[in-house]
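Topology and contacts: notes
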Amino acid sequence: MLGYYATIAASSFRRNKALAALMVLVIGLGIGASMTMITVFHVLASDPLPGRSGKLFVPVIDPRPLDRGQSASAPQQDGSFTWPDAMNLLRAARAGRQAAMAGGAVPLRPTQGGGLPFYETGRYTTADFFAMFDTPFLSGSGWTAQDDAQRAHVVVLGRELSRKLFGETNAVGRTVRLKDADFRVVGVLDTWEPQPQFYAQMDSRIFGRSDQFFLPLQTAMDLKLDFAGRLSCWGDSGDGRTSDQCSWLQFWVQLDNAAKVDAYRAFLTAYWREQQAHGRLPRPVDVQLYGLMDWLAHQHAIPDDLRLQLSLSVGFLLVCMLNVMGLLLATFLRRSGEISVRRALGARRRDIFLQLGVESSVIGFAGGLLGVLVAMLGLWSVRQRPDGYAQLAHMDAGMLLATFTLALAAGALAGLLPAWRACRIAPALQLKTQ
Amino acid sequence: MPHSPLLASLGRHKLTVLLMVMQVALTCAIVCNVAAILGHRVAQLGLPSGVAEDELVMLESINVDASSDPLVRHDTDLAALRQLTGVRSAAAIDALPFNSNNWSNGIALEPKGDMRAVATAFNGTRGELDTLGLRLVAGRDFLPDEYLPVGSTRDWDGINKVPATIVTRALAQQLFPGQDPLGKVIYPGDGPVRIVGVVGHLLRPMLDESAGNEYATVFPMLPDGSSVTYVMRTAPQDRERVLQQAMARLAQLDGNRVLRRPQTFMQLREDYFRRDRTMISLLLAAALGLLLVTAAGIAGLASFWVQQRRRSIGIRRAVGATRRDILRYVQTENFMIVSGGIAIGVVLAYALNVLLMQHYALQRLPVFYLPLGAVALWLLGQLAVLGPARRAASVPPVVATRSG
């Protein structure tokens, strides 16, 4: 029966070629636009560290002074830590693993030949970083807590930088000169580029960036290497990196189960209270502990402009569906005569409904095909953008399937109301008016 | 023209008309909001930065050897740069409109007082004002003995000692509304700083409307970090050549440094707004797409109705309606549907605006976008229905005599 309905649908579209083409085009555009943005979102919102992200948390304590009600008082709270707080939590070591970190940038010289120095970005962090994030090592390993304490001149290189400096030979044990200090290479990472770079301070370049070196935070402070990222200060004790009135460090902890999460939260609360007893952290105690994925959502890792584009594309799809709905209704009602004859010949409402439903699904299917093409085109145009996320915008099998499902659903949904209206046509009345 | 048959006819297609009205309403709501966002972005794109935009080139120099004195290094570099042909003046600076290098300070009017505004510090060597092309609207440039180092290795303590500042008019008005700012004292750090001059415009390195795009303080403080930006002012046609020569000259002077991002100010500006331009073209495409789809829907439905009503149109023609009457009839019908859509659309537009304001940093929908959207939709509707209306008008009266 469905095959027969499909044949009827085809012949009905042949009668109104232009209108059918218009409906397919409109559904295709709507599906294509929204699937482009949904795919971009799907890719950007995926887990940067699958398998481990459930155990990683960001503790947030608010170190700022009390708001004095003025228009411009404390800087915005972005979850960054002050040096004293980060060091206190690090020393307390109450989580399974913990690391403090900040972005850095250093000029360095190629080891061979007399090439010009170049600039490289990396991370200053502490020993647990590598084990906590399970970074893949090509050779060697991270450094130890002892190295941290002794401000050792050790460095872990990214694969790309290692190749740039030492070619294909093993870099472990070799020496690199970062700014004006020599560092011993203790490890080389395999390609490790979690997207977004979740552990970094949130900014517009969080996607598409990777670190090419890692060295101990205390060493970087000692050598006064250049830091990257926001440094927010308040109060009047200067703008120092070690001040307890400047926040700039990121802090991550690994907590393996719910009990440990609760215990850590209790510890943070106790810490905050204790600091208050010393006249610090004047704001009311309100400890936050975000899981990795929650943190990314909370920090708006996906740019607001993209969200706006997504809403816009969904709105566009909605208008397209209303459009097709109106056109389908008009075509169906035009065939009132035909429908009432079928009804008079014994077709039940259900049959008419099914027949017209098949018709709108055919439109949806054709629109879906077009929609996939439009979405491919849309994703290609997204990849031409200069943003870091651009290169991630590819369609996978799952999204392809989703596109078709959405198109069919949109077609069927758009046909639902018109079909319902048409199958209520009374058989006798229509015949009489003919 | 009697409207009763028109209303009666529309009444027979209640559901279809309702769908059409809803589509127009939704289009109106979305297009009005899109147009408002578009207008805002385009306005941002055109913001004057206050500097001589098409005469500036810059490059960044990062020193590797920490033992040499940065102040001496900058002076040597600048002396060499000033000798290049075509360079009218040069300065070492840190912040620049659109370069995202934002060092902001809370400004109080008394020691340890409440902050009245947060303003970006622009620091540079002597000649910064001339090089950037900043225009003083009141007061004077800095005196030679007012300059001191920023103190980037001593927690930027220059801010606590600097004696003078030049502020933007916008900041002066925020701090001292209705008063003459010259000679007034502000506290960006621990110590008092006297306002000696006012510039008309200077955009901050990053735009943020809620924070005041032009809240800027220029200090006579010499950059002394390992990274510095050299800005040169030159004739527009010399920019590329000067950049190349500057790169070569600086590398020759001291090879132990990283030279990067040689660019003109226009390139800096273009890079800064690249995302906005993407967004603008997308918004334009979305608005046009919406209008096109709606127009196609209107035209499709109208031509369909005309086809369906050929016989009744023929009868009306036969009993005396002129072509003009039929044309008017179809056009009026469309006008009423679109008007209904606009009426609902205006309400929807505000609802959507409220929703958008909750989720994104958007401002309230300016009222004038509503009549703009309405007129656009009316015109669009009339344009879309013109073809079908013509076809309806050309239906000959003889159709009435045929059956079917």
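Quick caveat: nothing in here was measured; it's all calculated off a predicted structure.

What to know about the overall build of chain A
If you tally the helices and strands in chain A, you get 14 helices and 13 strands. Taking 22 Å as the expected radius of gyration for a compact globule of 434 residues, we find that chain A reaches 31 Å, considerably beyond that expectation. Viewed in the frame of its principal axes, chain A has a C-alpha envelope of about 100 × 55 × 40 Å. Residues classed as buried in chain A amount to 42% of the 434 residues present.

A closer look at the overall build of chain B
Along chain B, the regular secondary structure elements total 12 helices and 13 strands. At 32 Å, chain B has a C-alpha radius of gyration far larger than the 22 Å of a compact globule built from 404 residues. Taking the principal axes of its C-alpha atoms as reference, chain B extends roughly 100 × 50 × 30 Å. A burial count over chain B gives 45% of its 404 residues as buried. Within chain B, counting contacts between residues at least 6 apart in sequence, those at least 24 apart form 83% of the total.

Observations concerning the confidence of the model for chain B
Residue-level pLDDT values for chain B average 90, and 98% of them are 70 or greater. Here helix α1 (residues 4–12) of chain B is the element of chain B with the lowest mean pLDDT, 71, and strand β7 (residues 164–168) of chain B is the one with the highest, 96.

Let's talk about the domain arrangement of chain A
It is common to report an interface's size as the accessible area lost on association of the parts. Residue and element names in this part refer to chain A. Splitting chain A by domain gives domain 1 (2–45 + 304–433) and domain 2 (53–298). Every contact between the two is made by 6 residues of domain 1 and, on the other side, 5 residues of domain 2. In terms of residue class, the side of domain 1 that touches domain 2 is built from 3 nonpolar, 2 polar and 1 charged.

Notes on the pairing of strand β8 (residues 181–189) of chain A
Residue and element names in this part refer to chain A. Alignment of strand β5 (residues 137–140) against β8, held across 3 bridges, turns out to be antiparallel. Bridge pairing in β8 places Gly140 opposite Gly187. Direction of pairing for strand β6 (residues 154–157) relative to β8: parallel, over a ladder of 4 bridges. Across the sheet, residue Val156 finds its bridge partner in β8, namely Gly187. Pairing of strand β7 (residues 175–178) with β8, which is carried by 4 bridges, proceeds in the antiparallel orientation. Note that in β8 the partner of Thr175 across the bridge is Arg184.

Comments concerning the packing of helix α10 (residues 304–334) of chain A against helix α13 (residues 397–422) of chain A
Helix-helix packing is described using two parameters, namely the angle between the two axes and the distance between the axes. Residues and elements named next belong to chain A. Running from amino to carboxyl end, α10 crosses α13 at an angle of 35°, the nearest separation of the two axes being 8 Å. Crossing of α10 over α13 shows right-handed handedness. On the side of α10, the interface is formed by Leu317, Met321, Val324, Met325, Leu328, Leu329, Phe332 and Leu333, while α13 contributes Ala410, Leu413, Ala414, Gly415, Leu417, Pro418, Ala419, Arg421 and Ala422. Its residues assigned to classes, the contact of α10 with α13 shows 15 nonpolar, 1 polar and 1 charged.

A short note on the nonpolar core
Counting residues in each nonpolar core, the largest one holds 102 residues, and the members touching the most others are Met23, Ile27 and Val324 of chain A together with Cys32 of chain B. Broken down by secondary-structure element, the contributors of at least two residues to this core are α2 (17–44), α10, α12 (349–383) and α13 of chain A together with α2 (14–45), α9 (274–308), α11 (323–359) and α12 (369–393) of chain B. At 17 residues, the largest contribution of residues to this core is made by α2 of chain B. If we ignore the near neighbours within four places in the chain, the residues touching Ile27 of chain A are Cys320, Val324, Ile363, Gly364, Gly367, Gly371, Ala407, Ala410 and Gly411 of chain A. If you look at the next biggest cluster of nonpolar residues, it comprises 68 residues, including Leu56, Ala99, Val176 and Ala200 of chain A.

Some points on helix α6 (residues 159–166) of chain A
Residue and element names in this part refer to chain A. For α6, every residue scored as buried is listed here: Leu161, Ser162 and Leu165. Angularly, the buried residues of α6 cover 100° about the axis, an arc narrow enough to put them on a single face. Packed against the buried residues of α6 are β4 (118–125), β6, β7, β8 and β9 (213–216). Where α6 terminates, the next one or two residues include Gly167, which has phi positive at roughly 65°.

Details of unusual backbone geometry
All names here are of chain A. Residue Pro196 is bonded to the preceding Gln195 through a cis peptide linkage, with omega at -5°. Inspection of the secondary structure puts Pro196 in the loop between β8 and β9. Backbone geometry at Leu281 places phi at a positive 45°, although glycine is not the residue there. Tracing the backbone through its elements, the reader meets Leu281 in the loop between α8 (258–277) and β13 (288–291). Residue Leu281 is classed as buried on the basis of its C-beta count, with 22 C-beta atoms lying within 10 Å.

Some words on the domain arrangement of chain B
Assigned domains of chain B: these are domain 1 (4–45 + 274–401) and domain 2 (65–255). Computed from C-alpha coordinates alone, the two centres of domain 1 of chain B and domain 2 of chain B are separated by 54 Å.

Here's the deal with the environment of Leu268 of chain B
Structurally, Leu268 of chain B is set in helix α8 (residues 265–272). Separated by 210 residues in sequence, Leu268 of chain B and Met58 of chain B have C-alpha atoms that sit 9.3 Å apart.

With respect to the interface of chain B and chain A
Counting from both sides, the interface comprises 49 residues of chain B and, opposite them, 44 residues of chain A. When contributions to the side of chain B that touches chain A are tallied by element, the ones reaching two or more residues are α2, β4 (115–123), β13 (257–264) and α9 of chain B. Counting residues per element, the side of chain B that touches chain A draws most heavily on α9 of chain B, which supplies 16 residues. Of the residues that constitute the side of chain B that touches chain A, the class distribution is 24 nonpolar, 15 polar and 10 charged.

Points about the sheet that holds strand β2 (residues 87–93) of chain B
All names here are of chain B. Judged by pairing direction, the sheet is antiparallel, and its 4 strands sit side by side in the order β2-β12-β1-β13 without closing on themselves. In this open sheet, the two edge strands, each paired with only one partner strand, are β2 and β13. Within this sheet the neighbouring strands show an average axis-to-axis angle of 20°, counted without direction. Contacts between helix α3 (residues 70–83) and the sheet are confined to β1 (56–63), β2 and β12 (227–234), with β2 contributing the most and set at about 165° to the helix. Running over the sheet, helix α7 (residues 239–253) touches β1, β2, β12 and β13 and is turned about 20° from β1.

Describing the pairing of strand β9 (residues 193–199) of chain B
Residue and element names in this part refer to chain B. The buried fraction of β9 amounts to 6 of the 7 residues, a majority that puts the element mostly inside the structure. Bridge count between strand β5 (residues 136–139) and β9: 3 bridges; the pairing is antiparallel. Paired with Leu136 across the two strands is Val199, which belongs to β9. Bridge count between β7 and β9: 5 bridges; the pairing is parallel. In the strand pairing of β9, Thr165 is matched with Ile195. Relative to β9, strand β8 (residues 185–186) is paired through 2 bridges, and the arrangement is antiparallel. If you follow Ile186 over to β9, its bridge partner there is Val193. Linking two consecutive strands that pair antiparallel, namely β8 and β9, is a turn of 6 residues.

Definitions and limits used
Residues numbered from 1 in each chain as written. Chains lettered and ligands numbered in written order. Predicted model: local features only at pLDDT ≥ 70, side-chain atom pairs only at ≥ 80, totals over all residues. Helix = DSSP H or I, 4+ residues; strand = E, 2+ residues; numbered from the N terminus. Rg over C-alpha atoms; globule rule 2.2 N^0.38 Å. Buried ≥ 20, exposed ≤ 12 C-beta atoms within 10 Å, placed from the backbone. Contact = placed C-beta atoms within 7 Å. pLDDT = per-residue confidence, 0-100. Domains from an automatic or database assignment. Nonpolar A, V, L, I, M, F, W, Y, C, P; charged D, E, K, R; others polar. Pairing = 2+ DSSP bridges. Axes fitted to C-alpha atoms, helices over the stretch in contact; angles between N-to-C directions. Left-handed = near helix turned anticlockwise from the far one by under 90°. Core = buried A, V, L, I, M, F, W, Y, C linked by C-beta atoms within 7 Å. Arc of directions from axis to C-beta.

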